[in-house]
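# A closer look at the structure
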Amino acid sequence: MKKQDIEKRTEELVQDIIAANNFELWDVEYVKEGSDYYLRVYADKEGGIMIDDCVTISRALEAKLDAEDFIEEAYILEVSSPGLTRKLKKEKDYERSIGKLVLVKLYKAENGAKEFVGRLTYNDSESLKLDVDGNEVVLNKNNISSARLEYEE
């Protein structure tokens with residue numbers, strides 16, 4: 001089974017658990033690190049997710065994953081918060097981050113740089129706008145290699 005299919009099916013399986021507990025699913029990723037495979041579920045809630053919340057999700061999801069047994073490789077299931085400097089991958093991630101400070105890295109330089117830190121002011125399917133020290137910077141989404149929230153005190 002492909003990585004994307006594993007992530008999609010896991011998202012489907014975890015949705016009921018997330019909804020029943022008033023959590024928000026941030027992301028699911030299936031990755032190989034060294035010789036180990038990891039199935040990671042990132043969840044959040046108003047006020048922040050706690051360890052007991054992660055245990056609730058993990059136990060319920062583990063039962064569903066065991067019942068379906070669709071992942072061929074042995075893997076480690078991890079459930080956690082996406083963290084303060086969470087990655088922005090999906091449209092909904094960018095939308096809920098409008099007004100927040102973000103770090104955006106590019107494949108090739110735009111406006112003379114490959115990295116920008118600024119407040120996200122606008123997002124659509126093709127571009128986003130950052131306020132970088134009072135200057136508006138428009139970035140093409142096809143050129144974004146990674147984006148994440150920046151820590152703010």
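Our subject is the structure listed above.
Read on for an overview of the structure. Along each chain, numbering runs from 1 in the same order as the chain's sequence is written. Given that this is a predicted model, residues contribute local features only at a pLDDT of at least 70 and side-chain atom pairs are listed and counted only at 80 or more, while totals for whole chains, interfaces and linings are drawn from all residues. Side-chain measures here rest on the full set of heavy atoms in the structure, leaving out hydrogens and waters.

Sheet strands pair by backbone hydrogen bonding; their relative direction is either parallel or antiparallel. Two strands form a pair only when DSSP identifies at least two bridges running between them. Runs of E in the DSSP output that reach at least two residues are strands. Runs of H or I that reach at least four are helices, and both are numbered from the N terminus. A sheet is described by the order of its strands in space; here three strands give the open sequence β1-β2-β3, paired in mixed fashion. The sheet is open, and its two borders are formed by β1 (24-33) and β3 (75-80), each paired with just one other strand. Mean inter-strand twist for the sheet, computed between neighbouring axes without regard to direction, equals 15°. Residue contacts are defined here by distance: any two heavy atoms, one from each residue, within 4.5 Å place the two residues in contact. Axes, fitted as lines to C-alpha atoms, cover a helix only where it is in contact. Angles between the N-to-C directions of the axes lie from 0 to 180 degrees. Contacts from helix α1 (residues 3-20) reach β1 and β2 (36-44), with the element oriented near 145° to β1. The strands touched by helix α2 (residues 51-68) are β2 and β3; relative to β3, the strand with the most contacts, the crossing angle is about 145°.

What follows covers the nonpolar core. By nonpolar core is meant a set of buried Ala, Val, Leu, Ile, Met, Phe, Trp, Tyr and Cys residues that side-chain atoms within 4.5 Å join together. Each residue gets one of three labels from its accessible area relative to the maximum for its type: buried under 20%, exposed over 50%, partly exposed in between, using a 1.4 Å probe on protein chains only. Residues V14, L39, V41, I57 and L61 are the most contacted members of the largest nonpolar core, which totals 21 residues. Formed by 17 residues, the second largest nonpolar core is a distinct cluster that contains Y42, Y94, L130 and V132.

Turning next to the packing of aromatic side chains. The description of two aromatic rings rests on the distance between their centres and on the angle between their planes. Pairing of aromatic rings covers Phe, Tyr and Trp, the last counted by its six-membered ring, and requires centre-to-centre distances within 6.5 Å; plane angles under 30 degrees mean stacked, over 60 mean edge-to-face, and any other angle means tilted. On inspection of all chains with the given rule, the structure shows one aromatic pair. Ring geometry for Y30 against Y37: centres 5.5 Å apart, planes inclined by 15°, an arrangement best described as stacked. Take Y37: its relative accessible area is 22%, and that puts it in the partly exposed class. Across the ring face of W26, the terminal group of R86 is positioned such that the distance to the ring centre comes to 4.7 Å. Criterion for a charge above a ring: Arg CZ or Lys NZ at most 6 Å from the ring centre, at most 35 degrees from the ring normal.

Attention now goes to the pattern of salt bridges. For this analysis, a salt bridge means a side-chain nitrogen from Lys or Arg found within 4 Å of a carboxyl oxygen belonging to Asp or Glu. One pass over the structure, following the stated rule, counts 18 salt bridges. K90 is the partner of D27 in a salt bridge, and the nearest nitrogen-oxygen pair spans 3.8 Å. Of the two residues, D27 sits in strand β1 while K90 sits in the loop between β3 and α3 (91-95), which places them 63 residues apart along the sequence. Relative accessible area serves as the criterion here: at 7%, D27 is assigned to the buried category. Several salt bridges share partner residues, and in doing so they unite E11, D27, E29, E33, R40, E78, K89 and K90 into one network.

Before going further, it helps to spend a moment on α1. Helix span, as expected, comes to 1.5 Å for every residue beyond the first. Over its 18 residues, α1 runs 26 Å from end to end, which matches the ideal 26 Å to within 8%, given 1.5 Å per residue. For α1, the full list of buried residues reads I6, E7, T10, L13, V14, I17 and I18. On its buried face, α1 sits against β1, β2 and α2. A positive backbone phi angle near 55° is found at N22, which sits one or two residues after α1.

Positive phi is not limited to glycine here, since D69 has a value of about 45°. Note on placement: D69 falls in the loop between α2 and β3. Look at D133: it is not a glycine, yet its phi comes out positive at around 50°.

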